[in-house]
Every structure is written in C-alpha cells, then in structure tokens.
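Fold and contact review
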Amino acid sequence: MVRHALAPSELKSETRDRILAVACALFARRGYQGTTIRLIAKGAGVTDPAVYYYFPTKRALHDALLVEPLIDTPLTSTSDLESAIATMVTFFTGYAASADLVRLSFREQISSTPAGVQFRRDNDATYRKLVRPFFVNYYGDEASQREDLVTFLLCGLFWDAILRYGDSFESHVRGDGFQQNLLELLRSVLPVREGHNE
Amino acid sequence: MTVPPPLGVRGKDETRGRILKAAMELFGRDGFDCTTIRAIAEQCDLSDPALYYYFKTKRDILLALWDLPSPLEPMRPTTPRNMRPASPEFPMDDGVLMGLVDWMLDGSARQDSLNRLLFRSVLDGDKTAIALRETKRRGWLSVLTPYFASVFPPAELAIRLETAVMLALGFVYTAQIENGADFPKVAADPAFRAPLKQLMRLAIPLPPAGEH
C-alpha cells in the first residue's frame with residue numbers, strides 16, 4: 001500500500017496529531033462530504049493554511065487516518081482455550097474503543113474505496129497474525145477453518161454493533177450484556193479439544 | 001406536467017418501477033429522512049395524486065424497495081422460495097441449513113446497492129434508515145427461528161441463531177467491501193458460496209437424522 005514518507009519533524013508534530021484527532025471525530029460524524037478543511041482547522045485551533053501545510057488535500061488528510069491498523073498488541077501464544085477466548089474478547093473491545101475511527105473506516109469500507117479496502121485487509125492480516133499461533137496449536141488440521149469461522153463471526157458482530165448502536169456503540173460493547181454474549185458466541189464456535197488440559 | 005397513471009398491467013409496472021428508481025436516486029442524494037413524496041413525484045414527472053395511486057406513504061416506497069412485507073410491524077414470517085416450511089415433524093437437516101445460507105446470500109446480492117446506501121444513511125444518523133435496518137435484521141431472524149427451533153432446545157436457540165446470522169453477515173460484508181459493485185455477480189457463483197457453507201456446517205452442528 002502507499003504510505004506517505006514523512007519527515008521526522010512532521011511525525012513528531014503535536015499540531016499534526018491534533019489536526020488528525022479533530023478530523024477523525026468530524027469525518028466519523030459528518031462523513032467525508034460533510035467535513036471541510038475549514039471545520040477541521042477551526043476545531044484544531046489553527047488556520048486553513050496550517051492544515052494544508054501538513055496535508056495537501058482533504059483526501060490525503062482523511063486517508064492518513066486509515067494508515068495505522070487498529071490494534072498492534074501481540075497475543076502471547078497460548079494453548080489454553082479460555083485464555084485465548086479472553087484475549088479475543090479484549091481485542092474486540094479494544095477495537096471498539098476507537099469508535100470514531102471505526103465509524104469512519106466502516107463508511108469507507110462499505111463504499112469499497114481503495115483506502116477502505118486496504119484498511120480492512122491490513123487489519124484482517126494484523127488480527128490473523130496475532131491469533132494464528134493459538135489456532136494452529138489448539139485445533140491442528142482444523143485450524144484454518146476455525147480461524148476463518150471466528151474471524152467472520154467477529155466481523156459480523158462488530159459491523160452489526162456499529163449499525164445498531166450508533167453513537168452509544170462503544171458503551172454498548174463495553175456493557176456486561178454484550179460482553180457475556182460475546183463470550184457465549186465464542187464458546188459456541190470454539191469447542192474444547194480432547195487431549196488438551198483446560 | 002401531469003401524466004395520468006397509464007392503464008394496463010405493463011404500464012402500471014413501468015410507472016411503479018420509475019417511481020422506485022427515482023426514490024432510490026433521491027434517497028442516495030438527500031437521505032431517507034429528508035426526501036419527500038413530493039420530491040419523488042417531481043423527479044419522475046408525476047403529480048402527487050398520481051404517485052399516491054401507487055404508494056400511500058414514503059414508508060410504503062421504502063418497503064417496496066426492500067421487498068419487505070407491509071405493514072412494517074409485526075414482521076410476517078416468510079418462507080424462502082422452494083423451501084418446506086419449518087415444522088417439528090421435519091427438523092432442519094443439512095439441505096435446509098444450506099438453503100437458508102443461499103437465501104441470505106441471494107437477498108444480500110439482490111439488494112447490494114440498497115444495503116450500502118442504507119448503511120451509509122445509518123452512519124449519518126438517519127432515523128428512518130436505522131429503523132429499517134433493524135427491521136431487516138429482525139426479518140432474517142424471524143425466517144431462521146422456526147427452522148432452528150426444530151432442532152435446538154430453547155436454552156440454545158438464541159446463541160445458535162446469532163452465530164448463524166453474524167457469521168453470514170461477516171462473510172457478506174467482507175465480500176461486499178472486497179468486490180465493490182461486482183459483489184452481486186460474485187455472490188451468484190457456487191464457488192464463492194462453498195466456503196460459507198462449510199463454515200456454517202462447522203458453526204451449527206446438526207444432530208444426526210432421527211434424533212431430536
């Protein structure tokens with residue numbers, strides 16, 4: 001994928017980070033069309049030219065938000081089913097914490113824009129790299145099917161929650177009812193393997 | 001310029017189709033909440049009364065676009081075409097479960113562009129879109145429930161249903177994102193459907209025939 005090579009000074013800029021944070025919240029609420037550079041500049045407390053100094057176009061600013069995958073904490077390899085399930089719940093809830101980015105990226109993804117498609121692939125690859133050792137270790141021959149099953153199930157649940165809960169998405173996902181349901185769903189598709197001590 | 005409703009079934013169908021097409025365009029441009037019946041009538045060169053001949057409310061137009069039964073609530077349980085209605089004498093077997101997967105994929109493919117429009121409108125906070133999306137979700141569940149209830153005990157029913165629906169949604173949304181406008185064509189291919197069917201068998205283990 002195309003990543004902008006950034007000069008070290010730009011990477012460290014606090015102003016740039018602030019512009020990105022404000023833009024993320026605005027794009028998530030108002031969509032791409034409904035957000036202007038002027039609104040972003042106002043929100044970040046800078047002038048329009050200051051925004052253009054960091055990002056040549058609105059599209060460049062928007063797509064810069066989609067470059068970093070949502071999670072990057074590695075799952076410590078485990079052969080214990082319950083702790084693997086607990087880690088997957090933590091991943092899922094961690095994604096939900098970036099509610100604005102989640103809405104913004106879903107908007108792009110469902111329109112199949114190049115940035116949206118790439119964002120999904122990057123996150124899918126990151127997630128699979130983190131969970132694969134557990135599946136291979138625990139399910140052996142069945143590993144890749146179980147991994148696909150859990151991946152699609154969690155994607156469906158995640159996208160469904162975005163569409164159903166709107167602005168209260170994050171608090172719903174953190175709620176006890178949702179968390180309990182998530183655990184039950186994972187247990188229903190991740191059976192205990194004989195020969196593994198629980 | 002007012003065009004009276006044309007006579008004859010074909011003329012009626014043609015006008016009805018024209019209204020739905022115009023409504024789609026306006027919903028896409030202005031959102032569901034902000035589109036008026038009058039604007040739709042103007043867009044397809046009909047008078048308000050002529051349009052009312054076909055659709056009484058904006059909600060009726062939305063329902064027609066999505067092939068949803070009217071009135072909106074309660075959702076009338078429907079049976080996918082070519083499938084035997086669910087009953088305790090004929091518990092869901094592999095063929096029925098695969099038929100339900102096909103039914104979900106067929107609907108997603110047929111309504112691909114509508115669904116994308118619906119999702120964008122939901123993200124915009126459009127109240128009509130949010131209600132409609134919830135109706136569609138409950139629609140899937142209401143079709144699946146009697147089949148699943150024919151094999152799973154009440155204590156297991158909810159989690160089995162949710163597993164099946166979320167798995168299908170995750171698979172479909174992923175393919176919609178990856179394939180863009182080609183999704184309906186891609187989804188018609190049996191080779192595309194096979195992996196979801198395999199995963200569904202793994203996720204929803206059916207009891208051996210004769211045991212229930």
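Structure: above.
First, a word on what this report is: a plain description of the structure on this page. The structure displayed is predicted, hence computed values, not measured ones. (Residues numbered from 1 in each chain as written. Chains lettered and ligands numbered in written order. Predicted model: local features only at pLDDT ≥ 70, side-chain atom pairs only at ≥ 80, totals over all residues.)

**As for the overall build of chain A**
How we decide: Numbering goes from the N terminus for both helices and strands, where a helix is a DSSP run of H or I of at least four residues and a strand is a run of E of at least two. Every C-beta atom is placed from the backbone, and the number of other C-beta atoms within 10 Å of a residue's own sets its class: buried at 20 or more, exposed at 12 or fewer, partly exposed in between. Residues are scored as being in contact if the C-beta atoms we place from backbone atoms lie within 7 Å.
Of the regular secondary structure elements, chain A holds eleven helices and zero strands. In chain A, the order of α-helices and β-strands from amino to carboxyl end is α-α-α-α-α-α-α-α-α-α-α. In chain A, buried positions account for 32% of the 198 residues. Here the analysis covers contacts within chain A between residues at least 6 apart in sequence; of these, 65% occur between residues at least 24 apart.

**Observations regarding the overall build of chain B**
Along its length, chain B carries ten helices and zero strands. Its helices and strands taken in sequence order, chain B reads α-α-α-α-α-α-α-α-α-α from the N to the C terminus. When burial is assessed residue by residue, chain B has 28% of its 212 residues classed as buried. The long-range share in chain B, meaning contacts at least 24 apart out of those at least 6 apart in sequence, stands at 64%.

**Describing the nonpolar core**
Our working definition: Core membership is restricted to buried Ala, Val, Leu, Ile, Met, Phe, Trp, Tyr and Cys residues, and these are joined into a nonpolar core through C-beta atoms within 7 Å.
L153 of chain A together with L167 and A168 of chain B are the most contacted members of the largest nonpolar core, which has 77 residues in total. For this core, the element with the highest residue contribution is helix α9 (residues 143-165) of chain A, accounting for twelve residues. Residues within four places of L167 of chain B in sequence aside, it is in contact with L149, F152, L153 and G156 of chain A together with L199, M200 and A203 of chain B. Core analysis: the next-biggest nonpolar cluster, separate from the first, contains 18 residues, V22, F27, A44 and F55 of chain A among them.

**Description of the interface of chain B and chain A**
Tallying the contact residues gives 29 residues for chain B and 29 residues for chain A. Contributing elements (two or more residues each) for the side of chain B that touches chain A: α6 (112-123), α7 (127-149), α8 (154-179) and α10 (190-203) of chain B. The biggest single contributor to the side of chain B that touches chain A is α8 of chain B, with 14 residues.

**Things to note about unusual backbone geometry**
For S112 of chain A, which is not glycine, the phi torsion reads 55° and is therefore positive. Assessed through the 18 C-beta atoms surrounding it within 10 Å, S112 of chain A is described here as partly exposed. A positive phi angle, close to 60°, is found at D45 of chain B, a residue other than glycine. Mapping D45 of chain B onto the fold places it in the loop between α2 (37-43) and α3 (48-54).

**What to know about the environment of T87 of chain A**
The residue T87 of chain A is located in helix α6 (residues 81-97) in this model. Note: C-alpha distance between T87 of chain A and R132 of chain A (45 residues apart in sequence) is 13 Å.

**Let's talk about the packing of α8 of chain B against α10 of chain B**
Residue and element names in this part refer to chain B. Quick reminder of the rule: Simply put, an axis is a line fit to the C-alpha atoms, just over the touching stretch for a helix, and the angle between two N-to-C directions goes from 0 to 180 degrees. For classification, angles of less than 35 degrees are called roughly parallel, those exceeding 145 degrees roughly antiparallel, those between 65 and 115 degrees roughly perpendicular, and all remaining angles oblique. Definitions for this section: a left-handed crossing has its near helix turned counterclockwise from the far helix by less than a right angle. A right-handed crossing has that turn clockwise. Throughout, the ten residues Ala, Val, Leu, Ile, Met, Phe, Trp, Tyr, Cys and Pro are labelled nonpolar, Asp, Glu, Lys and Arg are labelled charged, and all others, Gly among them, are labelled polar.
Where α8 meets α10, the closest approach of the two axes is 10 Å, and the angle between their N-to-C directions is 155°. With respect to α10, the axis of α8 lies roughly antiparallel. Of the two elements, α8 crosses α10, and the hand of that crossing is right-handed. Residue-level inspection shows T163, A164, L167, A168 and F171 of α8 in contact with α10, the latter providing L196, L199, M200 and A203. When the residues that make up the contact of α8 with α10 are grouped by side-chain class, the tally is eight nonpolar, one polar and no charged.

**Re helix α8 (residues 114-139) of chain A**
Every α-helix winds through 3.6 residues per turn, so residues three or four apart in the chain are directed the same way. Here is the rule: One fewer than the residue count of a helix, multiplied by 1.5 Å, yields its expected span. Bend, at a single residue, is the angle you get between axes fitted to the 7 residues ending at that residue and the 7 residues starting at it.
Between its first and last C-alpha, α8 of chain A extends 35 Å over 26 residues, near the 38 Å set by a 1.5 Å rise per residue. Of all the bends in α8 of chain A, the greatest, near 45°, is centred on V131 of chain A, and the proline P133 of chain A appears no more than four residues after it. Every buried residue of α8 of chain A is accounted for by A115, G116, F119, R120, Y127, F134 and F135 of chain A. Buried residues along α8 of chain A sit in contact with α5 (58-64), α6, α7 (99-110) and α9 of chain A together with α8 of chain B. Directly after α8 of chain A, the chain includes G140 of chain A, whose backbone phi takes a positive value near 55°.

**With respect to α9 of chain A**
For α9 of chain A, built from 23 residues, the straight-helix expectation of 33 Å at 1.5 Å per residue is met to within 8% by its first-to-last C-alpha distance of 33 Å. Backbone geometry just downstream of α9 of chain A places G166 of chain A in the positive-phi region, at approximately 50°.

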